[in-house]
Amino acid sequence: MISELQVGVITQTHGIKGEVKVFPTTDDATRFKKLKEVIMDTDRERLHMEIEGVKFFKQYVIVKFKGYDSINDVERYKNAKLYVTRDKAVQLKKDEYFVADLIGMRVVTEEGETFGTLKDVMATGANDVYVVERDDGNEAEVLLPAIRECIKKIDMETGAITVHIMDGLL
């Protein structure tokens with residue numbers, strides 16, 4: 001299980017007082033209001049950043065880090081990813097999962113046959129869609145709607161998702 005979860009990516013600076021514009025990669029951007037710190041991954045280093053202020057602008061979160069008070073201080077952090085440790089992540093309800101935990105799980109049919117591997121989860125608005133890479137050599141990915149009729153069981157302990165392949169999906 002992954003110990004850190006990505007919550008956003010810095011896209012650019014915002015103004016001249018050290019704020020950055022963050023594209024949220026969490027399903028609830030307002031969670032940034034409750035965050036006190038994040039881990040910034042610049043690909044060269046990982047920094048623990050204390051959050052001083054948060055505001056919202058269109059689909060972005062404007063974040064001010066403590067001790068970074070000018071555009072020159074934050075300019076180099078464009079494209080850096082922001083993470084939280086699992087203990088700081090939002091509490092999930094029953095039958096909710098972090099996408100990062102689902103990626104790579106085995107997908108099996110109700111009959112117990114191996115079907116493939118979960119490669120991605122797409123948010124579509126109505127419901128998520130699971131992108132499955134098949135094990136039978138077929139190069140086409142299968143898109144499975146994340147609805148009860150199709151996704152029968154997610155077993156985090158065994159790392160398997162049991163699915164019902166609905167008529168017309170293949």
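Residues numbered from 1 in each chain as written. Predicted model: local features only at pLDDT ≥ 70, side-chain atom pairs only at ≥ 80, totals over all residues. Heavy atoms only, no water.

Some remarks on the overall build of the protein chain
Under the convention used in this document: Runs of H or I in DSSP of at least four residues are treated as helices and runs of E of at least two as strands, each being numbered from the N terminus. Relative accessibility thresholds used throughout: buried, under 20% of the residue-type maximum; exposed, over 50%; partly exposed, between the two (1.4 Å probe, protein chains only). The contact criterion used throughout is that any non-hydrogen atoms of two residues lie within 4.5 Å. Note on areas: these come from Shrake-Rupley sampling with a 1.4 Å probe, and a residue is covered only by the protein chains present in the view.
If you tally the helices and strands in the protein chain, you get two helices and twelve strands. Going from N to C terminus, the protein chain has its helices and strands arranged as β-β-β-β-β-α-β-α-β-β-β-β-β-β. Expressed as lengths along the three principal axes of its C-alpha atoms, the size of the protein chain is roughly 60 × 30 × 30 Å. In the protein chain, which comprises 170 residues, the share counted as buried stands at 38%. The contacts of the protein chain with a sequence gap of at least 6 include a subset with a gap of at least 24, amounting to 49%. Approximately 10,600 Å² of the protein chain is accessible, and the part contributed by carbon and sulfur atoms is 47%.

Observations concerning the sheet that holds strand 11 (residues 151-155)
One key point about sheets: their strands pair by backbone hydrogen bonds, in either a parallel or an antiparallel sense. Formally: Between any two strands, pairing holds if DSSP finds at least two bridges. For helices, the fitted line uses only the C-alpha atoms of the stretch in contact; every axis is such a line through C-alpha atoms, and the angle between N-to-C directions lies from 0 to 180 degrees.
Pairing is mixed across the open sheet formed by six strands, whose spatial order is 10-9-8-7-12-11. Of all the strands in the sheet, the pair left with one neighbour each is strand 10 (142-145) and strand 11. Averaged over all pairs of adjacent strands, the angle between their axes in this sheet comes to 35 degrees, without regard to strand direction. Sheet topology note: the strand 7 (residues 106-109)/strand 8 (residues 114-123) ladder contains three bridges and is antiparallel. Bridge pairing links valine 107 to glycine 116 in strand 8.

Examining the sheet that holds strand 2 (residues 19-24)
Strand order in this closed barrel of six strands is 1-2-5-4-3-6, and the pairing throughout is antiparallel. Sheet twist, expressed as the mean angle between neighbouring strand axes with direction ignored, is 45 degrees.

Comments concerning the pattern of salt bridges
Where charged atoms of side chains with opposite charge meet at close range, the side chains can pair. Which entries qualify depends on this criterion: Counted as salt bridges are all cases of a side-chain nitrogen of Lys or Arg within 4 Å of a carboxyl oxygen of Asp or Glu.
One pass over the structure, following the stated rule, counts ten salt bridges. Of the charged contacts in the structure, one is a salt bridge between lysine 64 and aspartate 69, with a shortest N-O distance of 2.7 Å. Each member of the salt-bridge network shares a partner with another, and the members are Glu4, Asp41 and Arg46.

As for the confidence of the model for the protein chain
Defined as follows: How sure the predictor is of each residue is captured by pLDDT, a score from 0 to 100.
Here the protein chain averages 91 in pLDDT, and 99% of its residues register 70 or above. Here helix 2 (residues 99-102) stands out as the element of the protein chain with the lowest mean pLDDT, 88, in contrast to strand 5 (residues 60-65), whose mean of 97 is the highest.

Topic: the pairing of strand 1 (residues 4-14)
Inspection of the sheet shows strand 1 paired to strand 6 (residues 81-85) by five bridges, in the antiparallel sense. By the bridge assignment for strand 6, leucine 5 is matched with valine 84. Across six bridges, strand 1 lies against strand 2 in antiparallel orientation. Across the sheet, glycine 8 pairs through a bridge with proline 24, a residue of strand 2.

As for unusual backbone geometry
Trans peptide bonds make up most of the peptide bonds, and negative phi angles are found at most residues other than glycine. Its identity as a non-glycine residue notwithstanding, aspartate 43 has a phi of 80 degrees, on the positive side. Note that aspartate 43 resides in the loop between strand 3 (37-41) and strand 4 (46-57). We classify aspartate 43 as exposed; its relative accessible area is 69%. If you check the backbone angles, asparagine 79 has positive phi at about 75 degrees while not being a glycine. With respect to the helices and strands, the residue asparagine 79 is situated in the loop between helix 1 (71-74) and strand 6.

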